[in-house]
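For reference, the chains in residue letters:
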Amino acid sequence: MNVPGTFTLGPGDGNARTGCLTTAHGDVETPIFMPVGTQGTVKSLCPTDLHDLKAQIILGNTYHLYLRPGDELVAKLGGLHRFMGWDGPILTDSGGFQVFSLSGLRQIAEEGVTFSSHIDGSRHLFSPEKVIAIQQNLGSDIMMVLDECVPYGADRAYTEKSLALTTRWARRCRQAHPGGHRGQLLFGIVQGGFFKDLRAESAAQLLEIGFDGYALGGLSVGESREEMYDILGDATPLLPADRPRYLMGVGAPRDLLAGMAAGIDMFDCVLPTRNARNGTLFTFQGKVNIKRAEYREDDTPLDPTCPCYACQTFSKAYLRHLYVARELLSYRLNTLHNLTFFSIMMERARQAIRDGRFAAFRAEMEAVYPTDEE
Ligand code: GUN
Ligand code: ZN
């Protein structure tokens, strides 16, 4: 049994690689897509569903769980794994990103970021030490440092200043969690906006501090695909080859493939779960908008080759009916299906990398998921 943080690389294909990351709650095969469970639940699913669709690790959010029900309550009730009934690995985002995207009246200072709760308007401070303490209370397997995700379009002066602060915060996070504590790993987050030299500076500074893994943040913030792929291709090789690399908040099938091609190991995104709830379903034949009238009398399964309960049991006509009637089961079946699709796509990608045919697999998927769609 490996110690948490052990990362073993398997066969690669070009820059794409396979690997295995050991956490305190089990091993994760990489490249991996992590379903998002913001509030201690992957919306509409049970942990048994997640096991069935072979989810190997899920994501939780420090920001939400701190505000409600509170990290101290979660700790008192045995930690997030026990609280939510999921015994597999959990990664928690630090809260920095959510503070910037969800809360009101933010104030950034050396000490940390002060913000208003999106729930009741109350004021709170997230400092590097505070977000580490919260994530220790939650007991996640992988914790993220506090960072500022630089808004798209920020100029060089702003980005430089923000990066310097993000690096100082990263150092304080590492000092607050030198390692050890319940085998919890700590990942650094590369920022630097769309300035390649700042990205390089960020990576070098984080490497010098030393983390268990390294993330690329500040992407998928409104830039074009070309801009994102440009930074991705440039910044990924700056991350150490022997540590897991995580592309935060990405993404659509073709973006996952671009990430893997660049050498990324981990991804998370609300896309499959959020799209499920608005009736957009992913299949290996392309996207299906289940609300369309053409499915009204369609007695065939969404994808006859999909092992998920929705595809094995119901017709497109029934899935359309549930969606149109806004029935709760619609959210659940659609989420089961989309996460099953992402899980299978990632398994196929890993196998393609092992077999040395990743480029062909990528081309196949890109033909089904053209650039003019998600
Ligand atoms: N999720 C998506 N992008 C980011 C980022 O830049 N920072 C953090 N902490 N989380 C993210
Ligand atoms: Zn299915």
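When you look at the packing of helix α10 (residues 253-262) against helix α15 (residues 358-368) in this model, what are you seeing that I'm missing?
Each pair of packed helices can be summarised by the angle the axes make with each other and by the distance between the axes. The contact between α10 and α15 brings their axes to 10 Å, and the two run at 160 degrees. Judged on the interaxial angle alone, α15 and α10 are roughly antiparallel. Every pair of crossing elements has a handedness; the one defined by α10 and α15 is left-handed. The residues of α15 that touch α10, namely those facing R254, L257, A258, M260 and A261, are F358, F361, R362, M365 and E366. For the contact of α10 with α15, the residue count by class is seven nonpolar, no polar and three charged.

Can you walk me through the site of ligand 1 in this structure?
The immediate surroundings of ligand 1 are formed by D93, S94, F97, D147, C149, I189, Q191, G217, G218, M248 and G249. In the model, an oxygen atom of ligand 1 is placed 3.0 Å from a nitrogen or oxygen of the Q191 side chain. Protein coverage of the free-state accessible area of ligand 1, which is 280 Å², stands at 97%. Residue classes in the shell around ligand 1 are distributed as four nonpolar, five polar and two charged.

Looking at this model, I keep getting lost on helix α14 (residues 328-354). Mind explaining?
Two residues of an α-helix separated by three or four positions point the same way, owing to the 3.6 residues in each turn. With 27 residues, α14 should reach 39 Å at 1.5 Å per residue; the first-to-last C-alpha distance of 40 Å fits that figure. In the stretch just after α14, G356 is the one whose phi turns positive, near 70 degrees.

Explanation requested: the coordination of the zinc ion (ligand 2) in the structure shown.
When a metal holds four donors in a tetrahedron, each ideal angle between them is 109.5 degrees; when it holds six in an octahedron, the ideal angles are 90 or 180 degrees. Surrounding the zinc ion (ligand 2) are the protein donor atoms C306 (SG), C308 (SG), C311 (SG) and H337 (ND1), which sit 2.1 to 2.3 Å from the metal. Geometry at the zinc ion (ligand 2) is tetrahedral, judged from its four donor atoms and the angles of 96 to 118 degrees they form at the metal. The motif formed by the donor residues of the zinc ion (ligand 2), counted along the single chain, is C-x1-C-x2-C-x25-H.

Explanation requested: the nonpolar core in the structure shown.
Nonpolar side chains in soluble globular proteins tend to end up buried together. If you look at the biggest cluster of nonpolar residues, it comprises 106 residues, and the most contacted ones within it are L91, F126, I142, M144, L216, Y246 and M266. Here the element with the most residues in this core is α14; it accounts for ten residues. Those residues within four positions of I142 in sequence are excluded, and the remaining contacts are L21, I57, I90, L91, T92, L185, F187 and M266.

What is the right way to read the pattern of salt bridges from this model?
Two side chains bearing opposite charge may form a pair once their charged atoms approach each other closely. Inspection of the entire model under this criterion finds 21 salt bridges. In this structure, R332 and D49 form a salt bridge, with 2.7 Å as the shortest nitrogen-oxygen distance. Linking R332 in helix α14 with D49 in helix α1 (residues 47-52), this pair joins segments that are 283 residues apart in sequence. Note that D255 and R225 form a salt bridge whose closest N and O atoms lie 2.7 Å from each other. Within this pair, whereas D255 is found in helix α10, its partner R225 is found in helix α9 (residues 225-235), the two being separated by 30 residues in sequence. Among the residues examined, D255 registers a relative accessible area of 8% and is labelled buried. The network of salt bridges with shared partners includes E29, E347, R350 and R354.

Just checking my understanding: could you explain the pairing of strand β1 (residues 7-13) for this structure?
Two faces, one strand: in a regular strand the side chains alternate between the faces of the sheet. Bridge analysis of β1 against strand β2 (residues 16-23) gives five bridges, and the strand direction is antiparallel. Counterpart to T8 in the pairing with β2 is C20. Hairpin remark: β1 followed by β2, antiparallel, with two residues in the connecting loop; positive phi at G14, about 65 degrees.

Reading the values: rules and limits
- Residues numbered from 1 in each chain as written.
- Chains lettered and ligands numbered in written order.
- Predicted model: local features only at pLDDT ≥ 70, side-chain atom pairs only at ≥ 80, totals over all residues.
- Heavy atoms only, no water.
- Axes fitted to C-alpha atoms, helices over the stretch in contact; angles between N-to-C directions.
- Helix = DSSP H or I, 4+ residues; strand = E, 2+ residues; numbered from the N terminus.
- Parallel < 35°, antiparallel > 145°, perpendicular 65-115°, else oblique.
- Left-handed = near helix turned anticlockwise from the far one by under 90°.
- Contact = heavy atoms within 4.5 Å.
- Nonpolar A, V, L, I, M, F, W, Y, C, P; charged D, E, K, R; others polar.
- Near = heavy atom within 4 Å.
- Polar contact = N/O pair within 3.5 Å; in protein donor to acceptor, adjacent residues only side chain to side chain.
- Areas by Shrake-Rupley, 256 points an atom, 1.4 Å probe, with all protein chains shown as cover.
- Expected span 1.5 Å × (residues − 1).
- Donors = N, O, S within 2.8 Å, 3.2 Å for Na, K, Ca; no water.
- Tetrahedral: all angles 85-135°; square planar, octahedral: opposite > 155°, others 65-115°.
- Core = buried A, V, L, I, M, F, W, Y, C linked by side-chain atoms within 4.5 Å.
- Buried < 20%, exposed > 50% of the residue type's maximum accessible area, 1.4 Å probe, protein only.
- Salt bridge = Lys/Arg side-chain N within 4 Å of Asp/Glu carboxyl O.
- Pairing = 2+ DSSP bridges.

Just distances and angles here, no functional claims.
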